[in-house]
Amino acid sequence: MSGEDEPILTIEDLEVHFTEETAVQQATPQAIREYLGWVPQPTKAVNGINLEIEENEILALIGESGSGKTTLGKAAIGLQEPTKGSVKYKGYDLQELHKKNVIDDMEWAEARQGLQVVHQDPGAALHPYKTLMASLQEPLKIWYPELSKADYRERILAMFQECGLTPVEEYEDRYPHELSGGEQQRVTLIRAMLLEPDLILMDEPVSALDPSLSIDLMDLMLELQDIFETSFLFISHNLEHARYITSQVGGDVAVMYMGRIVEYGDVDEVLEDPQHPYTQVLKWATMPMHPHEARERLEADTPLRSFESPNPDNPPSGCKFHPRCPKAREICAEERPELEEGDQWEVACYRRDQNHPYWDSEWLDEEGEMDIPV
Amino acid sequence: MSAEATEVRAETDNVLEIRDARVTFDMARGRARVLNDISVDIKRGETFGIIGESGCGKSTFGSVLMDAVEDPGITTGEVLYYPEEGAEPVDILDVTDRQLRQIRWEEIVMVSQAAQNAFNPTITVRRHFTDTFDAHNVDRREGLERAREVLEDLRLEPERILSSYQHELSGGEKQRALLALGLIFDPEVVVLDEPTAGLDLLVQREILSLLYELKEEYGFTLLFISHDIPMVAGFADRLAVFYSFNIIEIGDIDDVLLNPEHPYTRLLTLTHIDLDMAMEDVNTVEGETPDPINVPSGCPFHPRCPIADDRCVVEEVELRGEEGTNHKVACFYPDVATDRIPIHPSLVEGGEENV
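All of the points below concern the structure found in this document. Predicted model only: the values in this text are computed from it and were never measured.

Bringing the nonpolar core into the picture now. In terms of nonpolar packing, the biggest core is built from 72 residues, with Phe129(B), Leu154(B), Leu192(B), Phe224(B), Phe235(B), Tyr264(B) and Phe301(B) touching the most fellow members. Among the elements that line this core, the one with the most residues is helix H7 (residues 201–218) of chain B, at eight residues. In contact with Phe235(B), not counting residues within four places along its chain, are Arg295(A), Leu298(A), Thr47(B), Leu208(B), Leu211(B), Tyr212(B), Leu222(B) and Phe224(B). Listed in part, the 44 residues of the second largest apolar core include Ile58(A), Met133(A), Leu220(A) and Met279(B).

Right, here's the structure in full:
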């Protein structure tokens, strides 16, 4: 089942595990390792994810460092091999496509071209000794060998114009260090857009930018999406950015915690009234600008049992958030709540169900419940 | 030292008085003035917030307070430091190297952004502390005793942190260990330059809460530099808005944020994306930040200002305010700005309930 009607990306039961071994362990033959009982425990960076991204859609993926959001993003565009599950591009399994190079009329190269990425640090993503024109021609030479140099230049200058890097003739001969951070990030976006991709993974693209420049870049993404119907997978730890980029196009937001999605739904609904305690805490941690409210927020007790994330090599039992959760009861340490599938607004927390045994379970410790004032 | 503060003084008790601070760099293209004759007083014990876009001079200002502008930058002006109330001031820009080494860290300390790279990866955190004690002639054992206390105040386990190398610490732990190193000599003034940059939301939040507590407990004067208004909004007693290498608006936090009078400050509030506001109300400050070699004439904000007229292009504008108020603004038309340029809806009266 593949074809034009398929979503750009279909992620099913995706798991990505990493195994860290010392040099000694790596050098030891398998038989001896087994004899010594050296069975490495894999870290499950991504642990059972289902997602779909349609054409012309923006999905914001929110999470902290170590939540697995970047690993998920890389797997989504074929830069990371899944341990289990699959990632399909227009219905074609990326791993299978990679191995066979072509399935039906779909080529691996087409998928590669269709799925692009923009990284967080634009300064590191551009070649420091090449002019913008030289840097931007590289991918075009690979993917459009039939075109002439003049064609490349025309396309690049047209994108400069579209993206506000004007006068365009002045920009083509510049080097990355002659650009501001915001301009550099625009160039990396242009580089991805030049290949006319179906989807661009934006990995924390505005985290290093000033508020005004962040908004400029997100506005540009929205404009480009309007013209080229590109989809974006937007990774961020910042709820404000996630809301800005998705809200205006009715996009969704997925909140990740330790390899799993804990809340998924329409961005405005989720951020207005988050249901998962983790999303609620994230909203609480987002500081308001009003000085009185900000001060109140600073003086209030933190609605978390612990600030530190648990060690991913040794994850907690039950709900992964329970050791920090302000609403955790004993049952949360024993069983893991699943995302209810098929719902428009999915929440992996027992509190969603008014009749769940959760409500009769004892609080995790004497402290009982902590209030999350959002 | 703050115990003596009970003595009533008519004069305000300034810890720093900065006069005409200017920093220039000679570059191939010309002379860049990256700090343009700033004069400002910092009161003892206050939290002074500094807001502005990248490249507005706010970090340079922080460096000037410790005479730490790197070569070939040239710093001129005066930075008068009053070690304690009523004491004779010293001009930090005019002391001997020896005195300066003592003032830095023991009296005035700056914790910069990029804490992630501040530690030497080949030595333990303990060595960072003991090296610091050696450089400041402090007994190592007494010093480490104090280090443990400060680390504990920052909610860290002292022994584990001290024996760790930087790669063994999480981002939040590194940032807090660096703060502990900064606070080790109980400094009078602490300058924090984007102390939460690059950290996750919840870790940022933890560090803000800790700073808020420590500020009360240790009683230092805090200068908090950030590009993100909400980061300093809850902390600051006063706020200075930087634009084009100078202060363009300054005053008590409530005055500057709830009733900003400079067009730039007003526009800057609109760049904040609030989780409950309509996205259409979000705005950017259009145009480019000024080039330090080629600062616009008159009011440097005029090329981006929606209410600028001919006067703003030719005439230089200085900070000014009404008699008897702390609120000062470098704009010829604060009333027009207040009238014509909106501010963020969460700052408008009655907006509080909506947020």
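Moving on to the sheet that holds strand S9 (residues 238–243) of chain B. All names here are of chain B. Ordered in space as S6-S7-S8-S3-S9-S10-S11, the seven strands form an open sheet in which the pairing is mixed. On the outer flanks of this sheet lie strand S6 (108–111) and strand S11 (328–329), each paired with one strand and no other. Of the strand pairs in this sheet, S6 and strand S7 (residues 189–193) are connected by four bridges, and their pairing is parallel. The residue of S7 that forms the bridge with valine 111 is leucine 192. This element, helix H6 (residues 171–183), spans S6 and S7 of the sheet and lies at about 170° to S6.

It is worth spelling out the interface of chain A and chain B at this point. The partner chain B presents 47 residues to the 44 residues of chain A that form the contact. For the chain A and chain B pair, buried surface summed over both sides reaches about 4100 Å², with 60% attributable to carbon and sulfur atoms. Sorting the residues of chain A by area buried against chain B places Met289(A), Leu298(A) and Phe307(A) first, and these three jointly supply 20% of that buried surface. At the junction of chain A and chain B, the tally comes to one salt bridge. Put simply, Asp276(B) and Lys283(A) hold a salt bridge, and the shortest N to O gap is 3.5 Å. Seen at the junction of chain A and chain B, the total is 13 residue pairs in polar contact (both at pLDDT 80 or more). Sorting the residues of the side of chain A that touches chain B by element identifies helix H11 (211–228), helix H12 (239–247), helix H13 (267–272), helix H14 (277–285) and helix H15 (291–299) of chain A as the ones contributing at least two each. Examining the composition of the side of chain A that touches chain B, we find that eight residues originate from one element, H15(A), more than from any other. In terms of residue class, the side of chain A that touches chain B is made up of 20 nonpolar, 10 polar and 14 charged.

Below, the discussion takes up a negative patch on the surface. All names here are of chain A. A grouping of Glu52, Glu54, Glu55, Glu162, Glu223, Asp226 and Glu229 is seen on the molecular surface, where their side chains present a negatively charged patch. Within the secondary structure, glutamate 52 sits in strand S2 (residues 43–53). Residue class for glutamate 52 comes out partly exposed when judged on its relative accessible area of 41%.

Another point: the packing of helix H3 (residues 125–135) of chain B against H6(B). All names here are of chain B. In the contact formed by H3 and H6, the axes pass within 11 Å of each other and the chain directions differ by 15°. By the criterion of interaxial angle, the relationship of H3 to H6 is roughly parallel. For H3 against H6, the interelement crossing comes out right-handed. Each of His128, Phe129 and Thr132 in H3 lies in contact with H6, whose residues at this interface are Ala177, Ala180 and Leu181. A breakdown of the residues in the contact of H3 with H6 according to their chemical character gives four nonpolar, two polar and no charged.

Residue and element names in this part refer to chain A. In space, the seven strands of this open sheet follow the order S8-S9-S10-S3-S11-S12-S13, with mixed pairing throughout. Two strands in the sheet have a free side with no partner beyond their single neighbour: strand S8 (115–118) and strand S13 (346–347). Sheet topology note: the strand S9 (residues 199–203)/strand S10 (residues 231–236) ladder contains five bridges and is parallel. Bridged to aspartate 203 within S10 is isoleucine 235. Here helix H3 (residues 69–76) sits on the sheet in contact with strand S3 (58–62), S8, S9, S10 and strand S11 (252–257), set at roughly 160° to S10.

Definitions and limits used
- Residues numbered from 1 in each chain as written.
- Chains lettered and ligands numbered in written order.
- Predicted model: local features only at pLDDT ≥ 70, side-chain atom pairs only at ≥ 80, totals over all residues.
- Heavy atoms only, no water.
- Core = buried A, V, L, I, M, F, W, Y, C linked by side-chain atoms within 4.5 Å.
- Buried < 20%, exposed > 50% of the residue type's maximum accessible area, 1.4 Å probe, protein only.
- Helix = DSSP H or I, 4+ residues; strand = E, 2+ residues; numbered from the N terminus.
- Contact = heavy atoms within 4.5 Å.
- Pairing = 2+ DSSP bridges.
- Axes fitted to C-alpha atoms, helices over the stretch in contact; angles between N-to-C directions.
- Buried area = accessible area lost by both parts, 1.4 Å probe.
- Salt bridge = Lys/Arg side-chain N within 4 Å of Asp/Glu carboxyl O.
- Polar contact = N/O pair within 3.5 Å; in protein donor to acceptor, adjacent residues only side chain to side chain.
- Nonpolar A, V, L, I, M, F, W, Y, C, P; charged D, E, K, R; others polar.
- Patch = residues over 30% accessible without salt bridge, like charges linked within 9 Å, V, L, I, M, F, W, Y side chains within 5 Å.
- Areas by Shrake-Rupley, 256 points an atom, 1.4 Å probe, with all protein chains shown as cover.
- Lys, Arg positive; Asp, Glu negative; His and termini not counted.
- Charge placed at Lys NZ, Arg CZ, Asp CG, Glu CD.
- Parallel < 35°, antiparallel > 145°, perpendicular 65-115°, else oblique.
- Left-handed = near helix turned anticlockwise from the far one by under 90°.

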